[in-house]
Amino acid sequence: MPQTVVMKFGGTSVGTTERINAVANRVSEHIRSTGDRVVVVVSAMSGETDRLIELGKQAGGCGNKSREYHQLVTAGEHASIALTAMALESKGQPAQSLLANQVPIRTHEIYGLNLISDIDVEKLNALLDEGIVPVVAGFQGVGEDGSFTTLGRGGSDTTAVALAASLGSCPCFILTDIDGVYTALPSICRGAKKLKKLTYEEMLELASSGAKVLQARSVSFAHKHRVPLWVASSFSDDEGTEILEEYEGMEDAVVSGITCRVDEAKFTLRNLPDKPGIAAKLFKALGDAEVVVDMIVQSQGAGGNAAISFTVPQEDTSAAEGALKNLLLELPEASVEVDTDIAKLSVVGEGMRTHAGVASRMFEVLGSEGINVEMITTSEIKISVAIQAKYSELAVRVLHEAFIQSSS
Ligand code: ADP
Ligand code: ASP
Ligand code: MG
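Before going into details, it helps to say that this report is about the structure given with it. (Residues numbered from 1 in each chain as written. Chains lettered and ligands numbered in written order. Predicted model: local features only at pLDDT ≥ 70, side-chain atom pairs only at ≥ 80, totals over all residues. Heavy atoms only, no water.)

Some words on the sheet that holds strand β13 (residues 257-261)
Then step 1. The strand order β13-β18-β20-β19 describes an open sheet built from 4 strands, whose pairing is antiparallel. Only two strands of the sheet have a single partner each, and these edge strands are β13 and β19 (375-379). Averaged over all pairs of adjacent strands, the angle between their axes in this sheet comes to 20 degrees, without regard to strand direction.
Then step 2. In this sheet, strand β20 (residues 382-388) lies alongside β19 in antiparallel orientation, the contact comprising 5 bridges. Paired with serine 379 across the bridge in β20 is lysine 382. (Pairing = 2+ DSSP bridges. Helix = DSSP H or I, 4+ residues; strand = E, 2+ residues; numbered from the N terminus. Axes fitted to C-alpha atoms, helices over the stretch in contact; angles between N-to-C directions.)

Quick look at the site of ligand 1
Then step 1. Around ligand 1, a shell composed of 13 residues is seen, among which Lys8, Gly11, Thr176, Asp177 and Tyr182 lie nearest.
Then step 2. Contact between ligand 1 and glycine 11: an oxygen atom at 3.1 Å from a main-chain N or O atom of the residue.
Then step 3. Between ligand 1 and the protein, one listed contact pairs an oxygen atom with a side-chain N or O atom of threonine 176 at 2.6 Å.
Then step 4. Here ligand 1 has 580 Å² of accessible area as a free molecule, and 83% of this is covered by the chains.
Then step 5. The residue inventory of the shell around ligand 1, partitioned by class, reads 6 nonpolar, 4 polar and 3 charged. (Near = heavy atom within 4 Å. Polar contact = N/O pair within 3.5 Å; in protein donor to acceptor, adjacent residues only side chain to side chain. Areas by Shrake-Rupley, 256 points an atom, 1.4 Å probe, with all protein chains shown as cover. Nonpolar A, V, L, I, M, F, W, Y, C, P; charged D, E, K, R; others polar.)

Some thoughts on the pattern of salt bridges
Then step 1. Tallied over the entire structure, the rule returns 23 salt bridges.
Then step 2. Between lysine 284 and aspartate 288 there is a salt bridge whose closest N-O contact spans 2.8 Å. Of the two residues, lysine 284 and aspartate 288 both sit in helix α9 (residues 278-288), 4 residues apart, roughly one turn of that helix.
Then step 3. By relative accessible area, aspartate 288 is classed as exposed at 55%. (Salt bridge = Lys/Arg side-chain N within 4 Å of Asp/Glu carboxyl O. Buried < 20%, exposed > 50% of the residue type's maximum accessible area, 1.4 Å probe, protein only.)

Some points on the packing of aromatic side chains
Note on aromatic pairs: each is described by the distance of the centres and the angle between the planes.
Then step 1. Enumeration according to the criterion identifies 3 aromatic pairs in this entry.
Then step 2. Relative to phenylalanine 310, the ring of phenylalanine 267 lies with its centre 5.3 Å away and its plane at 10 degrees, an arrangement referred to as stacked. Of this pair, phenylalanine 267 sits in strand β14 (residues 264-273) while phenylalanine 310 sits in strand β16 (residues 305-313), placing them 43 residues apart in sequence.
Then step 3. The exposure class of phenylalanine 310 is buried, given its relative accessible area of 0%.
Then step 4. Each ring, one from phenylalanine 283 and one from phenylalanine 310, has its centre 5.6 Å from the other, and the planes form 75 degrees; the classification is edge-to-face. With phenylalanine 283 in helix α9 and phenylalanine 310 in strand β16, the pair connects residues that are 27 residues apart, well separated along the chain. (Phe/Tyr/Trp six-rings, centres within 6.5 Å; stacked < 30°, edge-to-face > 60°.)

Some words on the state of the cysteines
Then step 1. Overall, the coordinates contain 0 disulfides when judged by the stated rule.
Then step 2. Just so you know, cysteine 172 is unpaired, no disulfide at all, and the nearest cysteine sulfur is the one on cysteine 170, 7.2 Å from it.
Then step 3. Relative accessible area serves as the criterion here: at 0%, cysteine 172 is assigned to the buried category.
Then step 4. Just so you know, cysteine 260 is unpaired, no disulfide at all, and the nearest cysteine sulfur is the one on cysteine 189, 12 Å from it. (Disulfide = S-S within 2.5 Å.)

Brief notes about a negative patch on the surface
Then step 1. On the surface, Glu109, Glu144, Asp145 and Glu290 cluster together to form a negatively charged patch.
Then step 2. Residue position: aspartate 145 is located in the loop between β7 (140-142) and β8 (148-150).
Then step 3. Residue aspartate 145 is classed as exposed on the basis of its relative accessible area, which comes to 59%. (Patch = residues over 30% accessible without salt bridge, like charges linked within 9 Å, V, L, I, M, F, W, Y side chains within 5 Å. Lys, Arg positive; Asp, Glu negative; His and termini not counted. Charge placed at Lys NZ, Arg CZ, Asp CG, Glu CD.)

Structural notes on the site of ligand 2
Then step 1. Around ligand 2, the structure places Ser43, Ala44, Thr49, Glu77, Phe139, Arg153, Gly154, Gly155 and Ser156.
Then step 2. One of the side-chain N or O atoms of glutamate 77 is found 2.7 Å from a nitrogen atom in ligand 2.
Then step 3. The separation between an oxygen atom of ligand 2 and a polar side-chain atom of serine 156 is 3.0 Å.
Then step 4. Burial of ligand 2 by the protein amounts to 85% of the accessible area it has alone, namely 260 Å².
Then step 5. In the shell around ligand 2, the residues fall into 2 nonpolar, 5 polar and 2 charged.

Some remarks on the pairing of strand β1 (residues 4-9)
Then step 1. Most of β1 is tucked away: 6 of the 6 residues are buried.
Then step 2. Examined bridge by bridge, β1 and strand β2 (residues 37-42) share 6 bridges and lie parallel to one another. Paired with valine 6 across the strands is valine 39, a residue of β2.
Then step 3. For the crossover from β1 across helix α1 (residues 17-34) to β2, the handedness is right-handed.
Then step 4. By the bridge criterion, 4 bridges tie β1 to strand β9 (residues 172-176) in an arrangement that is parallel. When the sheet's bridge partners are listed, methionine 7 is paired in β9 with phenylalanine 173. (Right-handed = clockwise from strand over helix to strand, strands pointing away.)

Here we look at the packing of helix α6 (residues 156-166) against helix α8 (residues 216-225)
Then step 1. Closest axis-to-axis distance for the α6/α8 pair is 8 Å, and the angle between their directions is 10 degrees. Classed by the angle they form, the pair α6 and α8 counts as roughly parallel. Between α6 and α8 lies a crossing of left-handed hand. Contacts from Asp157, Thr158, Val161, Ala162 and Ala165 in α6 reach Arg217, Ser218, Phe221, Ala222 and His225 in α8.
Then step 2. Residues belonging to the contact of α6 with α8 are distributed by class as follows: 5 nonpolar, 3 polar and 2 charged. (Parallel < 35°, antiparallel > 145°, perpendicular 65-115°, else oblique. Left-handed = near helix turned anticlockwise from the far one by under 90°. Contact = heavy atoms within 4.5 Å.)

These values are about where atoms sit, not about what they do.
Take a look at the structure:
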């Protein structure tokens, strides 16, 4: 039964004109064999967004929240949609490229983040009705003043899921350079296995703690709108990973995946007065500076003083330092230390809801390798720890061995 589907191809999958031709063959073949109405979303050719960001810096660019930053970095997708539409046309498949303002995909800004407020699907449906494949630019939105906005790095995934949600929560295929979501990054963990299914919640925890195979925002969007989501290879027809609400046996494996990210910085404030209101002041200052805090630990120091450690994205280190300045002037006894050599290591699994002892096993395994746990946070289905960055790959491997390889 023909259906509407969204197929998203990432940077590597459209990295050369040869690859773009392969994408065009795949899409036309799919339409010929199924009769599906296909909306294509593409990212910029691999490396292009980084190149544009670097050019912006060389031109004296004024940070990643400026209007000109967005105008500049959305240019990569401008080229790749036109090339993809040309390649489809050359295979005899009518296609039309669409920038965000031509769909339109409207966004509004909250705390420096551009969130999708509304997508008009009238134009997309009109093209589909005529047998024309819309090729939509990923990553782009159009702001309230009509300028281009961006959905954050890796944001084409969110474009694809948001289009699928607006087209009646139709299936969305994220086609990339790997054939699915793995239990750990295969390049650092040789025993990593492809997962057949994952729940939205597991995928969200994995994506937000380092599995960049999907942008975390795309997973929350898919969950909220119940978009059937797959991650699969753009190079082969192998069955990928299906991401869904629930599946049989989802709690059988205690741990589904292990991730690591090394892009956070840890701040430690010592000698803080241990009295009400200090933490509120500290985190308000960070919030006002639009710095998003991830892990937080407060501990009792000597002489009635407290110490608070927290992590922020490394790129926000100077913004966080700036935000703390006034607070530190008010508290002359307090001191601050910043460590950028840290890694956040996470184990994720629906099975944690029903199995006890995961934390103790995790600490035991890390301890036996001499890896010190500096901070800990948990959710119902995730345990994250901060460790020294130099141990990150070793830590992923030993935890994978302990939780995943030894249980299969
Ligand atoms: P695209 O350009 O198609 O958007 P990305 O580079 O954003 O592709 O995402 C795919 C990459 O995600 C893979 O090549 C892999 O290196 C990385 N990745 C990180 N963690 C995982 C994981 N757990 N499973 C699969 N891929 C992962
Ligand atoms: N081209 C954008 C980036 O490199 C968006 C994407 O690839 O999803 O972040
Ligand atoms: Mg990506």
